[in-house]
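Chain by chain, the residues:
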Amino acid sequence: MVEEAISLQARPWQQLVQADKNNRLSHAYIMDGLQGTGKMRLTLTFIQYLLCEQRAGELPCQICSACRRIENGNHPNIWMIRKEGQSIKKEQIDELIQQMSKKGYEKGRRFYMIEEAHTMTVSAANALLKFLEEPVGEITAFLMTDTYAQLLPTIQSRCQRIQFTRPNEEQLIGQLVADYQLTDSLASTLSRITANVDEALSLSQEEQFMMMRKLALQLIERIEHSKAEAILFIQGEWQSVVKEKEDLEMILNLLLHGYRDIVTIKVNIDRSICYPDARELLEKLSYRLTYEQLSSKIDEILHMKQKISSNMNRTLLVEQLILRL
Ligand SMILES: [Zn+2]
């Protein structure tokens, strides 16, 4: 498990271990990588490495009491924050600061981890910022995110960024087709959504995901045919499939990959596309749409993705998007 986590992300691991060896451990890191790239696993392994009672070379032993308690999620020196509802609230950061200022922990460094750190509210981020500016004691923070750009620049500048690479897409597609008998088309789409085999497999069995994949392609076709038709379309079947915020995020991702496919086809580069089964449609659109149009469409979708953390009406949001595309 440990060896696997490290071999998948050898560069981030070396960066962290070197910092420790040179006594230059930062007081805050941003662990920046897509879902499924093993950020959490690697971070926990690194904390094990730092607290291990009988470290074996550059690896934590995995059997001492410190290693085991970290693995089981009950080491007192680690504080973990996850979003509550849609965001990470200021009260959660206040509680964190209080915890970190307490005495009576086990000796050695203390850590806190913030999952999906980009979902911090502005007041939460500002409270954290103050804490980052005046570090107390031996504390190291790990802020996890898959959308680095959404973190406040002031937070970004106080932390060291560790970038996680995504495993080779072709490799994942090959594995899904050969070992799990998925179609090439589905495997190609899944490889864009996640880098994790298990997550890809579980999505492939979700009817909801398959519906969304279909809807995304149909929506592209309609948008490029007639916007009025596209708006009617999302008032129909669409609404029973795209219900939660997560659904909307997923379908915007699927839409985004559709437009990226059109660019790939237009540039004619030798790269696999997300929807090989829709190549004919995408090719047709690649003749009609200019690079400027495509890049502005991609920008609009990215912009909309950032807006959906608010509590706006989802259908209305997509209607606005369609009008802008
Ligand atoms: Zn150990």
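By the naming in an unreviewed UniProt entry, the chain goes by DNA polymerase III subunit delta' and is assigned to Savagea serpentis. Looking at the chain in UniProt, the text filed under Catalytic activity (unreviewed entry) is "DNA(n) + a 2'-deoxyribonucleoside 5'-triphosphate = DNA(n+1) + diphosphate".

Asker: Tell me about the coordination of the zinc ion, and name the residues and values.
Answerer: At this site the zinc ion is bound by Cys52 (SG), Cys61 (SG), Cys64 (SG) and Cys67 (SG), with donor distances of 2.3 to 2.4 Å. Viewed at the metal, the 4 donor atoms of the zinc ion are separated by angles of 103 to 120°, and the geometry they form is tetrahedral. Sequence spacing of the donor residues for the zinc ion, all on one chain, is C-x8-C-x2-C-x2-C. Classification of Cys61 as buried rests on a relative accessible area of 18%.

Asker: Tell me what's going on with the packing of helix α9 (residues 184-193) against helix α14 (residues 245-267), and back it up with residues and numbers.
Answerer: At a minimum axis distance of 11 Å, the contact between α9 and α14 shows a crossing angle of 115°. The angle between α9 and α14 falls in the class roughly perpendicular. Viewed along their axes, α9 and α14 form a crossing whose handedness is right-handed. On the side of α9, the interface is formed by Thr189, Arg192 and Ile193, while α14 contributes Met250, Asn253, Leu254 and His257. A breakdown of the residues in the contact of α9 with α14 according to their chemical character gives 3 nonpolar, 3 polar and 1 charged.

Conventions we followed
- Residues numbered from 1 in each chain as written.
- Predicted model: local features only at pLDDT ≥ 70, side-chain atom pairs only at ≥ 80, totals over all residues.
- Heavy atoms only, no water.
- UniProt positions renumbered as here; feature names shortened; annotations may be inferred.
- Donors = N, O, S within 2.8 Å, 3.2 Å for Na, K, Ca; no water.
- Tetrahedral: all angles 85-135°; square planar, octahedral: opposite > 155°, others 65-115°.
- Buried < 20%, exposed > 50% of the residue type's maximum accessible area, 1.4 Å probe, protein only.
- Axes fitted to C-alpha atoms, helices over the stretch in contact; angles between N-to-C directions.
- Helix = DSSP H or I, 4+ residues; strand = E, 2+ residues; numbered from the N terminus.
- Parallel < 35°, antiparallel > 145°, perpendicular 65-115°, else oblique.
- Left-handed = near helix turned anticlockwise from the far one by under 90°.
- Contact = heavy atoms within 4.5 Å.
- Nonpolar A, V, L, I, M, F, W, Y, C, P; charged D, E, K, R; others polar.

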